[in-house]
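What follows is the residue order along each chain.
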Amino acid sequence: MVSKNKGILISVKSLTKELGGNKILKGITFDVVGNEILALVGPNGAGKTTTIRCLTGIYNYQKDQIIKKDGLTIGVVSEKDLLWEKETGWKNIEIFREYLGGKLSNSQIESYAKYLDISEFLPKKVHTYSKGTRRKFSFVLGLLKDPELLILDEPMSGLDPVSRIKMRELIFKLNKEGKSIFYTSHDLAEVEKLAHRVMLMKKGEIELDNLKSDILSNYKNMEELFLEKVGVHIDEENNEI
Ligand SMILES: Nc1ncnc2c1ncn2[C@@H]1O[C@H](COP(=O)(O)OP(=O)(O)OP(=O)(O)O)[C@@H](O)[C@H]1O
């Protein structure tokens, strides 16, 4: 059923995180709202994965810095594919279902796998999967709980162009069905196509948080915004390396 709920799913308030004695997140504040595709972009090392690790509970945080809606179900696709290598795809599904709980039936899983062209791999052991197949398989695992919110860390990295288009269409479909998506990406053209709202993070701070439509009324494209916000000027005619 399509939910029109635009309420707040996660409220992040002045979130800080220190790792190895360095302040990685410097008091970031934002909301993840219902029925939205929210993209988090930013240079390498900005703190995107750290933010996701806090949201998904891999890193601890102060209770009042992240407040989740009661009963919120979250499906996660981490930056690294965390899979049982010596087991088959189906066995992985069984294990994750047991540990995380899962609502999806095997036939629903099959249909996602078929759409992403990986159903032939489900009976095979995970260590035989290519990088792209792993990514797609991890995405299917993220759907196991039929979650209200999907948190995806670079879900399309390593995917070929057709697979990217398919995953984008699948994310659109999941969003139309009522799911919210919070994801990180370095592919600004992709973000321009997929996201409703964009947050740009730099050195552990949120530099910009705006609707894509508003951004594109002020900038030629996401790349222009990104370069301005990270403070890079590229002279394309006299570009020296
Ligand atoms: N366990 C750790 N100990 C110390 N520093 C860490 C640790 N994990 C990450 N960092 C540092 O935290 C900063 C943010 O890292 P993070 O992985 O969140 O960035 P990111 O925006 O996801 O980068 P990328 O785009 O490269 O994936 C980096 O400077 C990184 O070196």
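Structure shown above.
From a predicted model like this one, the values you see are computed outputs, not experimental measurements.

Peer 1: Please clarify how the site of the ligand should be interpreted in this entry.
Peer 2: Around the ligand sit 14 residues in total, of which Gly 45, Lys 48, Thr 49, Thr 50 and His 186 are the nearest. Contacts to the ligand include Gly 45, whose backbone N or O atom sits 2.8 Å from an oxygen atom. Between the ligand and Thr 50, the relevant distance is 2.5 Å, taken from an oxygen atom to a side-chain nitrogen or oxygen of the residue. Burial of the ligand by the protein amounts to 62% of the accessible area it has alone, namely 640 Å². Among the elements that line the shell around the ligand, the one with the most residues is helix α1 (residues 48-55), at three residues. Among the residues forming the shell around the ligand, the class breakdown is four nonpolar, seven polar and three charged.

Peer 1: Looking at this structure, how should I read helix α8 (residues 222-229)?
Peer 2: Residues that lie three or four places apart on an α-helix share one face, since the helix turns once every 3.6 residues. All of the buried residues in α8 are Met 222, Leu 225 and Phe 226. Viewed end-on, α8 has its buried residues packed into an arc of 100°, placing them on one side of the element. The opening residue of α8 is Asn 221, an N-cap whose side-chain oxygen sits 3.2 Å from the backbone nitrogen of Glu 223.

Peer 1: What's the story with the side chain of Glu 190 in this structure? I'm lost.
Peer 2: Examined against the element boundaries, Glu 190 turns out to sit in helix α6 (residues 188-194). For Glu 190, a relative accessible area of 6% puts it in the buried group. Excluding anything up to four places from it in sequence, Glu 190 contacts Met 156, Arg 164, Arg 168 and Tyr 183.

Peer 1: Sorry, what's going on with α1 here?
Peer 2: Most of α1 is tucked away: seven of the eight residues are buried. For α1, every residue scored as buried is listed here: Lys 48, Thr 49, Thr 50, Thr 51, Ile 52, Cys 54 and Leu 55. Of the residues flanking the end of α1, it is Gly 57, one or two places downstream, whose phi is positive at about 85°.

Peer 1: What am I meant to see in the sheet that holds strand β3 (residues 37-41) here?
Peer 2: Two pairing modes exist for strands in a sheet, parallel and antiparallel, and in both the strands are linked by backbone hydrogen bonds. Across the sheet, which stays open at both edges, the six strands sit in the order β5-β6-β7-β3-β8-β9 with mixed pairing between neighbours. Sheet topology places β5 (74-77) and β9 (205-211) at the edges, where each strand pairs with a single neighbour. Ignoring strand direction, the axes of neighbouring strands in this sheet form an average angle of 15°. With four bridges joining them, β3 and strand β7 (residues 180-184) adopt parallel strand pairing. Bridged to Ala 39 within β7 is Tyr 183. Its contacts with the sheet put helix α4 (residues 131-142) on β5 and β6 (149-153), and the angle it makes with β5 is roughly 170°. Across the sheet, helix α5 (residues 161-176) touches β3, β6 and β7, and the angle it forms with β3 is around 135°.

Peer 1: In this structure, what is going on with the nonpolar core? I would like to understand it.
Peer 2: If you look at the biggest cluster of nonpolar residues, it comprises 46 residues, and the most contacted ones within it are Phe 137, Phe 139, Leu 152, Ile 171 and Tyr 183. Grouped together as the second largest cluster of nonpolar side chains are 23 residues, Leu 9, Ala 46, Tyr 59 and Met 201 included.

Peer 1: What am I meant to see in a nonpolar patch on the surface here?
Peer 2: On the surface, a nonpolar cluster with roughly 390 Å² of combined accessible area is contributed by Trp 84, Tyr 99 and Leu 100. With respect to the helices and strands, Leu 100 occurs in helix α2 (residues 89-100).

Peer 1: Which parts of the structure should I look at to understand the pattern of salt bridges?
Peer 2: Any two side chains of opposite charge can pair if their charged atoms end up close together. Following the criterion strictly, the structure yields 12 salt bridges and no others. The partner of Lys 69 in a salt bridge is Glu 148, and the shortest N-O contact between them spans 2.6 Å. One end of the pair, Lys 69, is in the loop between β4 (66-68) and β5; the other, Glu 148, is in the loop between α4 and β6, with 79 residues separating them in the sequence. The class of Lys 69 is partly exposed, set by a relative accessible area of 30%. Assessed through its relative accessible area of 24%, Glu 148 is described here as partly exposed. By sharing partners, the salt bridges in this structure join Glu 36, Arg 197 and Asp 209 into a single network.

The rules we used
Residues numbered from 1 in each chain as written. Predicted model: local features only at pLDDT ≥ 70, side-chain atom pairs only at ≥ 80, totals over all residues. Heavy atoms only, no water. Near = heavy atom within 4 Å. Polar contact = N/O pair within 3.5 Å; in protein donor to acceptor, adjacent residues only side chain to side chain. Areas by Shrake-Rupley, 256 points an atom, 1.4 Å probe, with all protein chains shown as cover. Helix = DSSP H or I, 4+ residues; strand = E, 2+ residues; numbered from the N terminus. Nonpolar A, V, L, I, M, F, W, Y, C, P; charged D, E, K, R; others polar. Buried < 20%, exposed > 50% of the residue type's maximum accessible area, 1.4 Å probe, protein only. Arc of directions from axis to C-beta. Contact = heavy atoms within 4.5 Å. Pairing = 2+ DSSP bridges. Axes fitted to C-alpha atoms, helices over the stretch in contact; angles between N-to-C directions. Core = buried A, V, L, I, M, F, W, Y, C linked by side-chain atoms within 4.5 Å. Patch = residues over 30% accessible without salt bridge, like charges linked within 9 Å, V, L, I, M, F, W, Y side chains within 5 Å. Salt bridge = Lys/Arg side-chain N within 4 Å of Asp/Glu carboxyl O.

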